[in-house]
Structure formats: structure tokens, C-alpha cells
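Chain residues, written in single-letter form:
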Amino acid sequence: MNAPDSSQTPLAAALPHPERLFPTLTPQQMSRLTAHGRRRQTIRGEMLVDVGDRIVPFYVVVSGEIQVLRPSEGGETLIVGHRAGQFTGESNMISGRRSIARLRVSEPGEVFELKREQLLDLVQTDAELSEILMRSFILRRLEMIAHDLGDVVVIGSAHSAGTLRVKEFLTRNGHPFHYVDLDRDQEAQELLDRFHVSVLDVPVLICRGDAVLRNPTNAQIADCLGFNEDIDQTRVSDLVIVGAGPAGLAAAVYGASEGLDVLVLESNVPGGQAGSSSRIENYLGFPTGISGLELTGRAYTQALKFGARVMVAKGATSLSCDGQRYTVEIDGGPPIRTRAVIIATGAEYRKPALENLSAFEGAGVHYGATPMEAQLCIDQEVAVVGGGNSAGQAAVFLAQTASRVYMLCRGDGLADTMSRYLIRRIEESSKIVLRMRTQIVALNGNGQLERIGWRDDRTGEVETHDIRRVFMMTGAIPNTRWLAGCVALDEKEFVKTGPDLSQDDLAAAGWPLTRPPYLLETSRPGIFAVGDVRCGNIKRVASAVGEGSIAVAFAHQVLHQ
Ligand SMILES: Cc1cc2nc3c(=O)[nH]c(=O)nc-3n(C[C@H](O)[C@H](O)[C@H](O)COP(=O)(O)OP(=O)(O)OC[C@H]3O[C@@H](n4cnc5c(N)ncnc54)[C@H](O)[C@@H]3O)c2cc1C
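Residues numbered from 1 in each chain as written. Predicted model: local features only at pLDDT ≥ 70, side-chain atom pairs only at ≥ 80, totals over all residues. Heavy atoms only, no water.

Look at helix α4 (residues 116-125) against helix α5 (residues 127-146): their axes get within 6 Å of each other, and the N-to-C directions meet at 120°. Put simply, α4 runs oblique to α5. Contacts between α4 and α5 involve L119, L122, V123 and T125 from the former and A127, L129, S130, L133, M134 and F137 from the latter. Looking at the contact of α4 with α5, its residues break down into eight nonpolar, two polar and no charged. (Axes fitted to C-alpha atoms, helices over the stretch in contact; angles between N-to-C directions. Helix = DSSP H or I, 4+ residues; strand = E, 2+ residues; numbered from the N terminus. Parallel < 35°, antiparallel > 145°, perpendicular 65-115°, else oblique. Contact = heavy atoms within 4.5 Å. Nonpolar A, V, L, I, M, F, W, Y, C, P; charged D, E, K, R; others polar.)

Between two packed helices, both the angle of their axes relative to each other and the distance between the axes serve to describe the pair. Following both chains from N to C, one finds helix α9 (residues 246-257) and helix α10 (residues 292-305) inclined at 25°, their axes separated by 8 Å at the closest point. Taken together, α9 and α10 sit at an angle that is classed as roughly parallel. In the crossing of α9 with α10, the sense of the turn from one axis to the other is left-handed. Mapping the contact onto sequence places L249, A252, V253 and A256 in α9 and T296, A299, Y300, Q302 and A303 in α10. (Left-handed = near helix turned anticlockwise from the far one by under 90°.)

Quick look at helix α8 (residues 218-225) now. Listed as buried for α8 are N218, I221, A222, C224 and L225. The arc that holds every buried residue of α8, seen down its axis, measures 165°, which confines them to one face. (Buried < 20%, exposed > 50% of the residue type's maximum accessible area, 1.4 Å probe, protein only. Arc of directions from axis to C-beta.)

Summarising the element assignment, V558 is placed in helix α16 (residues 541-560). Distance from V558 to G526, taken between C-alpha atoms, is 5.9 Å for residues 32 residues apart in sequence.

Another aspect to go through is the side chain of R140. Structurally, R140 can be placed in helix α5. For the buried R140, no salt bridge is present, and the opposite-charge side chain at shortest range is E90, 8.4 Å distant. A distance of 3.1 Å separates a polar side-chain atom of R140 from the backbone oxygen of F87. Excluding anything up to four places from it in sequence, R140 contacts L21, F22, P23, H82, F87, T88, G89 and E90. (Lys, Arg positive; Asp, Glu negative; His and termini not counted. Salt bridge = Lys/Arg side-chain N within 4 Å of Asp/Glu carboxyl O. Polar contact = N/O pair within 3.5 Å; in protein donor to acceptor, adjacent residues only side chain to side chain.)

What follows deals with the site of the ligand. Near the ligand there are 32 residues, and of these E266, Q273, A316, D532 and V541 occur at the shortest range. One nitrogen or oxygen atom from the main chain of A247 is found 2.9 Å from an oxygen atom belonging to the ligand. Within the backbone of G272, one N or O atom sits 3.5 Å away from an oxygen atom of the ligand. When isolated, the ligand has an accessible area of 1000 Å², and the protein chains bury 88% of it. Those elements giving two or more residues to the shell around the ligand turn out to be α9 and α16. (Near = heavy atom within 4 Å. Areas by Shrake-Rupley, 256 points an atom, 1.4 Å probe, with all protein chains shown as cover.)

Another point: the sheet that holds strand β8 (residues 204-207). The strand order across the open sheet built from four strands is β7-β6-β8-β9, with neighbouring strands paired in mixed fashion. Across the chains shown, the open sheet's two edge strands, defined by having one partner strand only, are β7 (178-181) and β9 (211-214). Within this sheet the neighbouring strands show an average axis-to-axis angle of 20°, counted without direction. Judged from the four bridges that link them, β8 and β9 form a sheet pairing that is antiparallel. Bridge pairing in β9 places V204 opposite R214. Where helix α6 (residues 161-172) meets the sheet, it contacts β6 (152-156), β7 and β8, and its direction lies at approximately 155° from that of β6. (Pairing = 2+ DSSP bridges.)

Structure, rendered in C-alpha cells:
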């Protein structure tokens, strides 16, 4: 491979805010590195790190220059040259994932070299350096994503659901990739021919230039890119957190930052439901709102910074809770042993089968009716879908501000599914129009919901209304199947905790202690449940985060008993 010629302009030269991406440490800041790493000489042409390397040290240049390069067809592309006071690395320094860049010494000199563990120690203990390093690592990764500077090519089509899934998995894992659209990009056919794949195989993922994955599962992508390979699954953890939505990530941040050995298991990608929310407007501290991806992406990085180990595309399949230690079985891996467990597997909203539903989530389609949503409905006509208590409560509540509330229920009557007091309030409200045996069948609009259609199942007639807000109140199903018989659940299969546990629940589970369960503790000592999966939880990002943080305090108490 040819080295870049010296006249090559680094890609980074065109980037905005180079001082934030490539800051220069002061001599005082550099002197603090001595306590964490070693100082050593470099020689011209020395390869410090190559693409795909698992062990990636962190370098701060004392003198000389280190170039950051991407191998490209027929040569190398120069991304940036680091000189005295500047440092190497991007987000994978924190996540421990393989390198997607090459580092070579272009001018000999001297460097500080830190192992990843030493770097983690540094960012956990030196607030000033932590801010500088973490910010530039994250910004560098964002630029790599924006410029497709990754080791993955995805060949797909906008018409394939698999393509959407693969792109979402890579995006929510913060992994840069180059996307080639079969229907639009001329290079598509050439790539298909070169890798001996056909249109029928899409989405195709080319991993590190050679491995070809045809319509891969998320777990296969994670394996190919080595997302989990740095994690020792055999050691007994202090705390295993199952689920990396806001509740699980909050528990991971607090647990790891307070010195616990934390392992997080996530069946899909970190972020949970919140990660798919286009804009969260009601989370404390973000007056202009924040995208779910950004909020949970930051939380994920924060958990890694404090040393939590996070396995992605590795779901828990069962929990065995006999004995003093607990064992979590996972998809395709050894059993995970732990002294305490936090269940944070969330819930899935039942969703009507509407083709374009996801396009309007947060843009007219809501899954909760709070005062915030009610403000959006002032003097408007809205629709509530569902016939249970949550739908009834939403209709009565929204009728306070909306001009009319259509309640669309599939069943024949409400008596079997809704409390009597709610039925009476609905009947007494002049603003609520009840439509039984009726299903929502269409959502229309340009970016924002503008119109909906519903069908009367008795006549087959479809009506269209200019309604811009629909509340899907058809219930949520907790992700508790994997717990089978281990902890007490309520009648809807949400996990019961603390004061919700009856004496019968505790007797059935064989509660062995004289003390009652702690606030978020389940019917087994040392197993906690937080967030949407917990019975009685208020389904909000803030409550999930709050519960995840609080549970760690109780986990400490159990671990010290
Ligand atoms: C479209 C949408 C918009 C929303 N907007 C808002 C909003 O604006 N404001 C607000 O406060 N709330 C909002 N919510 C609600 C909020 O997102 C949830 O209350 C919150 O995400 C719950 O967090 P959680 O961590 O308990 O569960 P989840 O977010 O559901 O996370 C659970 C995680 O566990 C993983 N998991 C499941 N089973 C397993 C298993 N067996 N092993 C390992 N991992 C597993 C899942 O993949 C998931 O990542 C919204 C929800 C949706 C769907």
C-alpha cells in the first residue's frame, strides 16, 4: 500500500471547529499524564495502530507527528496529523471496540502512551482532561459518521425492511458506514458483482472490506464488527443490568461510577424506546428538547466512560434465581453470573397495523396523554384508540382541552374492559364521541399527521377526518417472558416490587429474609426492577432514569449485607 504523499491535504482541514476536534493540551495538562502512562520514543514509519486492531493505546504527542489514515483503494487517505500537545483516539477508546483508523508516525519524536484502562482511569479522575478528551472523541466519531469513514458498506434498498433495520442498528450503535442504494447508486451493481451477491440478498453488509453478510441479524453484525469481544463474560459481576433503555443506562452510570463491576445486556441497541423518539421535550434540563438518539447516545458513552461493560444484540433468555448468586442465560453465549440483577427490559406498546405509523410517532401519534400533550390539543378534534382504562382516562382528560374526542374501540362495549366510573364520565361528556366496532385504518400527512381514516366494522364504511392528534392507548406488553416464574408479576405480567408485593407473593417466592423487600426490589433479594417493565411505573424517560439511579443505592445495600 502506498503511503499518502506529503502534499495531500488532510480531510480534517475542511472540518468546522478544529480546535474542538483536535485540541492542543497545555504543558500543565500534559504533565498530569505522567501519572497514568509512559513516555516513549517513536521512529519514522512506525505503525502504532492498524485498522481492525483490538488493542488500541492512546497517544499524546510530545514531539514529532502521528498521522491518522484510512486505507483506501490503491493507497491511504490522510485524515489528520497530530503534532505536539495533540492526541489520538475517538469513541472506540472508550467503548474498547476495534480501531477503524490507522496511526503511523510520520515524524519521529516522543509520545505519552496510555493503555485503554489507564485512559479510563484518567477520564474518571481528572474532570478537566475528561471534558476535553470525551468531547473530542465524540465529535471525531460524529465526523467519521458524517463522512462515511467506517469499515462497513451496506448495500440495500429503501423498499426493504431489513435495510432499515441494519442501518438503524449501525446508526444507534454509532458505527460509521457507507450506504449504497440499489435503486439510486451506480456503484451498486459493481459491488454486487465484486462480492458475488445478488439483489435478492439485500441488505448486504460488507464488514471490514472482506466478510460478506447477507441479510444479517443484528447479532451477526455485532459479532462481525466485534462489538462484544472485549467483554469477559466469565467473571462474576457485582451487578448485571438487563436492558439498556434509559432505566438500564441510568443504573449503569450510577453503578459503574460508584465502583460496582457492572455488565449490561441489551438484546438490540442501547437507547430502548426513548432512542427511537424523534424529540423528547419534557426531560429535565433540555428546554428546547433533545432527540432520543442523542440523549441515550450520551448516556451510553457516559456508562462506558465509568467502566460499565455493555453487550449489544445479546438478550437475556432466562434468569435462574436459586442460590445466592444469580445466573442470566443469554443468546449464544456462556451463562452470566452475578451477585445482583436490575431488570430494565421495558415494555412494547401494542400498535395497530398501520403501514406508516412510525413516520407519525411524535408527529401526531402519541402513546401517552399528559398535560403536555393536552396543551397541543386545545380546541382541536382528537382521537383516542382503545377501550381499556388507559384509553378511558385519556379521553376524559383530553376532553378538558380538546373540542371533541373520538374514542375508537374495536369491541362491542366497554363494560368488560373499562371501570364503571370512567364509562359514566364518558357517557356524561358532551365532547366525547364513542365509536364502537371501529378501527383506525389510515394516517395521512406531510411530515405531520393531518388526517386519519377509520372503518366501522359493521358496515365496512370508512370515514376520513381532519384530525392531527391520535392517542394509541391500546396497552403495553412488558418484556418479562424471559423471567418465567423467577419473580412475582402482576396480572398484566409487569414486575411487582417493594410495597406492591403481597405476603402471598413473598411466601410463594420463598422470600428468605426478615426485612421486607426494598422499594424497587422484586420478590427475590438482590433482584430489582426499574422503568417501564415495573408494575405501577409512570412511563416516562425521567421516571425510568430516576428508578434506575435509585435501584443502585439498594443494590449497594444488598451487596454489603
Ligand atoms: C415513540 C415514543 C416516544 C416517546 N416519547 C417520550 C417523551 O417524549 N417523553 C417521555 O418522558 N417518554 C417518552 N416515551 C416513553 C419512554 O421512551 C419510556 O418510558 C422509556 O423509554 C422507558 O425506559 P426503560 O428503560 O424502562 O425501557 P425501554 O426504553 O423500553 O428499554 C428497554 C430495553 O430493554 C431491552 N430488552 C428487552 N428485552 C430484553 C432482554 N430479554 N434482554 C436484554 N435486553 C432486553 C430493549 O431492547 C430496550 O432497549 C416515548 C416512547 C415511545 C415509544
